[in-house]
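Now for the letters of each chain:
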Amino acid sequence: MTFWYAAVALSGMLAFGLPIEGELAAVVAAILLIGGGLPHGAYDIALMRQVLRMDDRLLAMAVAGYVAAAICMALLWMVMPIAALIVFLAVAAVHFGEDWTMLNEPLLKIMAGAAVLGAAAIGNTADVTALFVAMSDVSGGTLAARILVTIAPVALLVTAVGIAIAWRDGAVAWAAAIATSLVLLLVAPPIAGFALFFVFLHSPRHLAATRALLPMISPRAWWITGIAMSCLAVAGWLAIRWSITSPLPPGLTAQIFQLLAVVAVPHLIVSTFIARRIGR
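Here goes a summary of the coordinates provided. (Residues numbered from 1 in each chain as written. Predicted model: local features only at pLDDT ≥ 70, side-chain atom pairs only at ≥ 80, totals over all residues. Heavy atoms only, no water.)

A count of helices and strands for the chain gives 12 helices and 0 strands. Overall size of the chain, expressed as C-alpha extent along the three principal axes, is 55 × 50 × 35 Å. Going through the 280 residues of the chain one by one, you find that 45% of them count as buried. Total accessible area computed for the chain in this model is approximately 13,700 Å², and 74% of it derives from carbon and sulfur atoms. Charge separation in the chain, taken as the distance between the mean sites of 13 positive and 11 negative side-chain charges, equals 11 Å. (Helix = DSSP H or I, 4+ residues; strand = E, 2+ residues; numbered from the N terminus. Buried < 20%, exposed > 50% of the residue type's maximum accessible area, 1.4 Å probe, protein only. Areas by Shrake-Rupley, 256 points an atom, 1.4 Å probe, with all protein chains shown as cover. Lys, Arg positive; Asp, Glu negative; His and termini not counted. Charge placed at Lys NZ, Arg CZ, Asp CG, Glu CD.)

Printed below as a string of structure tokens:
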């Protein structure tokens, strides 16, 4: 239900020409992405223990691997930002494709996940290109944006089929919500459109599934874990950046997306293992 409030609010701002770009909008979007999106991966360690049935020794090894994957991704942004950007886009497409439980073909899931990125790129090519350039470099960012624009029509077509299948199979709310998200990703500034999808649709869906798998965690411990792990991720990212490069970031929006990429890689690995275990 919160998604629809946010979608109506964003649509109203677009309709009345209210400012949803600029520094203030970037700060608001950053707060939303960190506070509303980052916590959906905060329970990965608890899931590894509960769902994957890891003992203390194995869990310690898994956590070490989790942290190592995040650090490697952070370092990749420092030394090979274009490679990090490509990894980020690929991971995002795969991870967003996990939402499409009604599709059985993995390639179709990935294309549906890529549609989220493609819709923003094809609808706001200049803004997405500028963001990718800030995250990597001029040539790499421009190339990545062009690739997204190229695959966007096919990805959106696949997603349209997926929406029809979801609607037919009774997932009417999901079909309507993802269709609305894609439309707003096409017409709204990319940071606003992505915040709507990521914070109000993708993240709540995963948080609800995670909560169902971890019923033993009390509401108080649930909130504390989400806040603590999110703060730890932000602190770790800032510590790595400031220890290697200048403390002055290239841009707030670029920093937020780089941080999301850092945590997305180990989160995808964990969610993949958990999905396979549940599937079995």
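Picking up after the structure, the text goes on.
Two elements in contact, helix 1 (residues 2–15) and helix 10 (residues 190–213), have axes separated by 9 Å at closest approach and are oriented at 170 degrees. By the angle between their directions, the pair helix 1 and helix 10 is classed as roughly antiparallel. Both helix 1 and helix 10 take part in a crossing whose hand is right-handed. Contacts between helix 1 and helix 10 pair T2, F3, A6, A7 and L10 from the former with A192, L196, F200 and L201 from the latter. Of the residues assigned to the contact of helix 1 with helix 10, the class counts are 8 nonpolar, 1 polar and no charged. (Axes fitted to C-alpha atoms, helices over the stretch in contact; angles between N-to-C directions. Parallel < 35°, antiparallel > 145°, perpendicular 65-115°, else oblique. Left-handed = near helix turned anticlockwise from the far one by under 90°. Contact = heavy atoms within 4.5 Å. Nonpolar A, V, L, I, M, F, W, Y, C, P; charged D, E, K, R; others polar.)

Take the packing of aromatic side chains next. Scanning all chains against the criterion turns up 9 aromatic pairs. Centre to centre, the rings of F3 and W4 are 5.0 Å apart; their planes meet at 80 degrees, and the pair counts as edge-to-face. Judged by its relative accessible area of 5%, F3 is buried. The class of W4 is partly exposed, set by a relative accessible area of 33%. Seen in terms of ring centroids, W100 and W174 are 5.5 Å apart; in terms of plane orientation they differ by 75 degrees. Their pairing is edge-to-face. Residue W100 is found in the loop between helix 5 (81–97) and helix 6 (106–123), and its partner W174 is found in helix 9 (residues 172–187); the two are separated by 74 residues along the sequence. Of the residues examined, W100 reaches a relative accessible area of 1% and is grouped as buried. We classify W174 as buried; its relative accessible area is 7%. Site record: aromatic cluster; members linked through ring pairs are F88, F96, F194, F197, F198 and F257. Here the basic side chain of R205 rests over the ring of W174, its NZ or CZ set 4.4 Å away from the ring centre. Between the NZ or CZ atom of R211 and the centre of the ring of W222, over which it lies, the distance is 4.7 Å. (Phe/Tyr/Trp six-rings, centres within 6.5 Å; stacked < 30°, edge-to-face > 60°. Lys NZ or Arg CZ within 6 Å of the ring centre and 35° of its normal.)

The next thing to look at is the pattern of salt bridges. Evaluation of the coordinates by the stated rule reveals 3 salt bridges. Notably, a salt bridge pairs R49 with D56, separated by 3.0 Å at the nearest N-O pair. The closest approach of N and O atoms between R168 and D169, which form a salt bridge, is 3.0 Å. Judged by relative accessible area, R168 falls into the exposed class, the value being 63%. With relative accessibility at 49%, the residue D169 sits in the partly exposed group. (Salt bridge = Lys/Arg side-chain N within 4 Å of Asp/Glu carboxyl O.)

Moving on to the side chain of T129. Within the element layout of this structure, T129 appears in helix 7 (residues 125–135). Overall, the relative accessible area of 17% leaves T129 in the buried class. Not counting chain neighbours up to four residues away, the residues in contact with T129 comprise T142 and A145.

What follows is about the side chain of D99. The topology assignment puts D99 in the loop between helix 5 and helix 6. Given a relative accessible area of 2%, D99 falls into the buried group. Residue contacts for D99: discarding those within four places in its chain leaves W174, F197, H202, R205 and H206.

Glancing now at a nonpolar patch on the surface. A grouping of V67, I71, L75 and I244 is seen on the molecular surface, where their side chains present a nonpolar patch of about 310 Å² in accessible area. Relative to the helices and strands, I71 is located in helix 4 (residues 56–79). (Patch = residues over 30% accessible without salt bridge, like charges linked within 9 Å, V, L, I, M, F, W, Y side chains within 5 Å.)

Of all hydrophobic cores here, the largest spans 74 residues; its most connected members are L33, W77, F132, M135, F194 and F257. At 10 residues, the largest contribution of residues to this core is made by helix 12 (residues 252–279). Residues within four places of F257 in sequence aside, it is in contact with L33, F88, L131, M135, I191 and F194. Formed by 15 residues, the second largest nonpolar core is a distinct cluster that contains A42, L47, L214 and I274. (Core = buried A, V, L, I, M, F, W, Y, C linked by side-chain atoms within 4.5 Å.)

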